[in-house]
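# Survey of secondary and tertiary structure
If you want the building blocks of each chain, they are given just below.
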Amino acid sequence: MPKPKGNGGKNRRRGKGDGEESKRELEFKEDGQEYAQVVKMLGNGRCECFCFDGVTRLGHIRGKMRKKVWITAGDIVLVAKRDFQDEKVDIIHKYSADEARNLKQYGELPETARINETAVDMAMAGDADDDDIGIDFDDI
């Protein structure tokens, strides 16, 4: 019988999630960068981002973050604007919920920014007035 040569699969190399990333320094935006919230994931490392300058742009997750940092709808991210394409941005950093709250306290994010809310929650907030389906039971 042959000796086992391997030491395990990719899960062994991944390591344990000790949560050390909570102690990292807060990154603020610089020239050519903007804060944004992910509205919808589109696949293939792309997503729809609502930048806090009021414009919705197509976001592209940079290669260093792909398959390492998981980005979902509702996350607050730091994006780099492209000089040659105004409608596209590159996602360069993802903020945790605590970091996003700190940014909001420092005045970097607007007060209308919603932290920890998905695209479904944002859509439902807009449809709150639209509960009438057209049937009036008082006429019966």
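It should be noted that the structure appears before, not after, this text.
What comes next is a walk through the structure. Keep in mind that what you see is a predicted model, and the values were worked out from it rather than measured. (Residues numbered from 1 in each chain as written. Predicted model: local features only at pLDDT ≥ 70, side-chain atom pairs only at ≥ 80, totals over all residues. Heavy atoms only, no water.)

### Brief notes about a negative patch on the surface
On the surface, Glu25, Glu27, Glu30 and Asp31 cluster together into a patch of negative charge. With respect to the element layout, Glu30 can be found in the loop between α1 (10–14) and β1 (33–43). (Patch = residues over 30% accessible without salt bridge, like charges linked within 9 Å, V, L, I, M, F, W, Y side chains within 5 Å. Areas by Shrake-Rupley, 256 points an atom, 1.4 Å probe, with all protein chains shown as cover. Salt bridge = Lys/Arg side-chain N within 4 Å of Asp/Glu carboxyl O. Lys, Arg positive; Asp, Glu negative; His and termini not counted. Charge placed at Lys NZ, Arg CZ, Asp CG, Glu CD. Helix = DSSP H or I, 4+ residues; strand = E, 2+ residues; numbered from the N terminus.)

### Re the packing of aromatic side chains
Tallied over the full model, the rule gives three aromatic pairs. Ring centres of Tyr35 and Tyr95 lie 6.0 Å apart, and the angle between their planes is 55°; on these two criteria the pair is classed as tilted. One end of the pair, Tyr35, is in strand β1; the other, Tyr95, is in the loop between β5 (88–94) and α2 (97–105), and 60 residues separate them in sequence. Comparing Tyr35 with Tyr95, the two get one shared label, buried. Where Phe50 meets Phe52, the ring centres are 6.2 Å apart and the plane angle is 90°; that geometry is what we call edge-to-face. (Phe/Tyr/Trp six-rings, centres within 6.5 Å; stacked < 30°, edge-to-face > 60°. Buried < 20%, exposed > 50% of the residue type's maximum accessible area, 1.4 Å probe, protein only.)

### With respect to the pattern of salt bridges
If you walk through the whole model with that rule in mind, you get nine salt bridges. Measuring nitrogen to oxygen at the nearest pair gives 3.3 Å for the salt bridge that ties Arg57 to Asp53. With relative accessibility at 5%, the residue Arg57 sits in the buried group. The salt bridge partner of Asp53 is Lys81, with a shortest N-O separation of 3.3 Å. Within this pair, whereas Asp53 is found in the loop between β2 (46–51) and β3 (56–61), its partner Lys81 is found in strand β4 (residues 76–81), the two being separated by 28 residues in sequence. According to the relative accessible area criterion, Asp53 is partly exposed, its value standing at 35%. Connected via shared salt-bridge partners are Lys29, Glu34, Asp53, Arg57, Lys81 and Asp86.

### As for the pairing of β4
Counting buried positions over the six residues of β4 gives five, a clear majority of the element. As judged from the five bridges shared by β1 and β4, these two strands associate in the antiparallel manner. In the sheet register, Glu34 faces β4, and the bridge partner there is Val79. With five bridges connecting them, β4 and β5 associate as antiparallel partners. Its bridge partner being in β5, Val77 is matched across the sheet by Lys94. Linkage of β4 to β5, two consecutive antiparallel strands, is achieved through a turn of six residues. (Pairing = 2+ DSSP bridges.)

### A short note on the environment of Asp31
By the element assignment, Asp31 lies in the loop between α1 and β1. Separated by 49 residues in the primary sequence, Asp31 and Ala80 have C-alpha atoms spaced 8.9 Å apart.

### What to know about the sheet that holds β1
With mixed pairing, the five strands of this closed barrel are ordered in space as β1-β2-β3-β5-β4. Strand after strand, the sheet turns through a mean of 50° between neighbouring axes, direction not considered. Relative to β3, β2 runs antiparallel, the two being bridged by five bridges. Bridged to Phe50 within β3 is Thr56. (Axes fitted to C-alpha atoms, helices over the stretch in contact; angles between N-to-C directions.)

### What about the nonpolar core?
Ala36, Val38, Cys47, Cys49, Cys51, Ile61, Met65, Ile71, Val77, Val79, Val89 and Ile91 form the largest nonpolar core, which has twelve residues in total. Mapped onto this core, the elements with two or more residues apiece are β1, β2, β4 and β5. Residue contributions to this core peak at three residues, all from β2. Sequence-distant contacts of Val77, defined by excluding residues within four places in its chain, comprise Glu34, Tyr35, Ala36, Val38, Ile71, Ile91, His93, Lys94 and Tyr95. With eleven residues, the next largest nonpolar core counts Phe52, Tyr95, Leu109 and Ile115 among its residues. (Core = buried A, V, L, I, M, F, W, Y, C linked by side-chain atoms within 4.5 Å. Contact = heavy atoms within 4.5 Å.)

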